[in-house]
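The residues making up each chain are set out below.
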Protein chains: 2
Amino acid sequence: MEGIEPQAGILRLGHRPKRDKRITTHTALVARAFGASYYFLSEVCDMSVMDNVLSVEKRWGRGFKLVSCGLSYKDYISIWRNYMKGVIVHLTMYGLELEREIDGIKKAGKPVLIIIGSEKVPGEIYKIADFNISVGNQPHSEVAALAIFLDRLYNGQELYYKFEDAKVQIEPSASGKKVISI
Amino acid sequence: MEGIEPQAGILRLGHRPKRDKRITTHTALVARAFGASYYFLSEVCDMSVMDNVLSVEKRWGRGFKLVSCGLSYKDYISIWRNYMKGVIVHLTMYGLELEREIDGIKKAGKPVLIIIGSEKVPGEIYKIADFNISVGNQPHSEVAALAIFLDRLYNGQELYYKFEDAKVQIEPSASGKKVISI
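As the structure is a prediction and not an experimental result, all values here were calculated from the model. (Residues numbered from 1 in each chain as written. Chains lettered and ligands numbered in written order. Predicted model: local features only at pLDDT ≥ 70, side-chain atom pairs only at ≥ 80, totals over all residues. Heavy atoms only, no water.)

Honestly, the nonpolar core in this entry has me stumped. Any pointers?
Soluble globular proteins: nonpolar side chains tend toward being buried together. Of all hydrophobic cores here, the largest spans 82 residues; its most connected members are Ile114, Phe149 and Leu153 of chain A together with Phe34, Ile114, Phe149 and Leu153 of chain B. The residues contacting phenylalanine 149 of chain B, other than those within four sequence positions of it, are Val89, Leu91, Leu98, Ile102, Ile105, Val112 and Ile114 of chain B. Judged by nonpolar contacts, the second largest core, of 14 residues, contains Leu11, Tyr76, Ile77 and Ile125 of chain B. (Core = buried A, V, L, I, M, F, W, Y, C linked by side-chain atoms within 4.5 Å. Buried < 20%, exposed > 50% of the residue type's maximum accessible area, 1.4 Å probe, protein only. Contact = heavy atoms within 4.5 Å.)

In structure tokens:
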């Protein structure tokens, strides 16, 4: 997973531990599998989400450089701007079309922080973001929006990354399950 | 949404109402937003999932030709084979790579039933499917796998479909929310 450009981070907003456990876990696993290096869960820590992600990392290999939870979204955004010198993308069904904006985001050549909300996103996020981007203008899923965004950012190459220090690896199969221990 | 080829249907397996409500709802909304015409939830009916989908259809426009729940997966597969004369694709992290198989699926020129499971998928699904396809060989999310599969099937055009009989429509915006009543 070394050398993937631009580096991407995910900032998950508005996680409610009871209701969002599985959706938030899916966003984290998609972030990892599709090449992101950072995952931030703001405002709360949900250890069952974190445990799940870390156990996948242990078995399937290291994808993330850093997973963090519990700071405010303002803190994570500020870290991204000041230390990563990155840009902020907010995925929202109300934003500008992905296909028209993705080249501009790539050309900026900077680390990309991708904000994904749950049902209620504070209005100021729309102002803070450098790009408000829609993956289609229909209601669907932040999991799908994140996957398609990363797919466009990495031109489909994210599906073929090799993860370091993996204990197991799949050998693609026409009709069964082949898992190799390595 | 008329005339999208090939027609696609989703068969969601193994839904557990308590645990999977939101993930299953996301799969249905992704199916609709990304151009599928049929959505089947096998073995159980979860009316909160169905209500959610139908209320989106009412407000944002008709995407599905048919939404159904409660039959066995064998019934849905048999309907697809016999009445739709379609092919069966099973999305699984153990399958053959999407990018290598998608042209073959398109060339078949037949309606595509896409099976997505939750944690446990009966072994015979691997045998019944004409194609076992992986969207990457890492653990992530059936929501993301479905989105990427439909995106490849429809070459990214699914993000621009217009839905019939919509009451509202979004005007893409750089920094706010613009919803038009129509």
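Having seen the structure, we can now continue with the description.
What exactly am I supposed to notice about the relation of the copies chain B and chain A here?
Note on the chain copies: they are related by a rotation about an axis and a translation along it. When chain B is fitted onto chain A, the two copies agree to an RMSD of 0.0 Å after a turn of 180 degrees and an axial shift of 0.0 Å. Within this description, the copies of the chain are treated as partners about a two-fold rotation axis. For chain B, the smallest separation between a C-alpha atom and the rotation axis is recorded for alanine 144 of chain B, amounting to 2.4 Å. Here 100% of the contact residues of chain B are again contact residues in chain A; the copies associate through an equivalent surface. (Least-squares fit on C-alpha atoms with pLDDT ≥ 70 in both.)

What should I look at first to understand unusual backbone geometry in this one?
One can expect most non-glycine residues to show negative phi and most peptide bonds to be in trans. Residue and element names in this part refer to chain A. Backbone torsion omega between glutamate 5 and proline 6 reads -10 degrees, so that peptide bond is classified as cis. Along the chain, proline 6 falls in the segment before strand E1 (8-12). In this structure, lysine 85 is a non-glycine residue whose phi angle is positive, near 55 degrees. Tracing the sequence through the fold places lysine 85 in the loop between helix H3 (73-82) and strand E4 (87-97). (Helix = DSSP H or I, 4+ residues; strand = E, 2+ residues; numbered from the N terminus.)

I'm lost on the interface of chain B and chain A in this one. Help?
A common way to report how large an interface is uses the accessible area buried once the components associate. Of the residues lining the interface, 50 residues belong to chain B; the matching set on chain A comes to 51 residues. It is Arg22, Tyr94 and Gln138 of chain B that lose the most area in chain B upon contact with chain A, and together they represent 16% of the buried surface on that side. Our count for the contact surface shared by chain B and chain A stands at four salt bridges. Two residues, arginine 152 of chain A and aspartate 151 of chain B, come together in a salt bridge whose shortest N-O distance is 2.8 Å. Our enumeration of links across chain B and chain A arrives at 18 residue pairs in polar contact (both at pLDDT 80 or more). Of all the elements in the fold, those that place two or more residues in the side of chain B that touches chain A are helix H1 (17-33), helix H2 (47-60), strand E4 (87-97), helix H5 (124-128) and helix H6 (142-153) of chain B. Among the elements that take part in the side of chain B that touches chain A, H1 of chain B stands out by supplying nine residues, more than any other. (Buried area = accessible area lost by both parts, 1.4 Å probe. Salt bridge = Lys/Arg side-chain N within 4 Å of Asp/Glu carboxyl O. Polar contact = N/O pair within 3.5 Å; in protein donor to acceptor, adjacent residues only side chain to side chain.)

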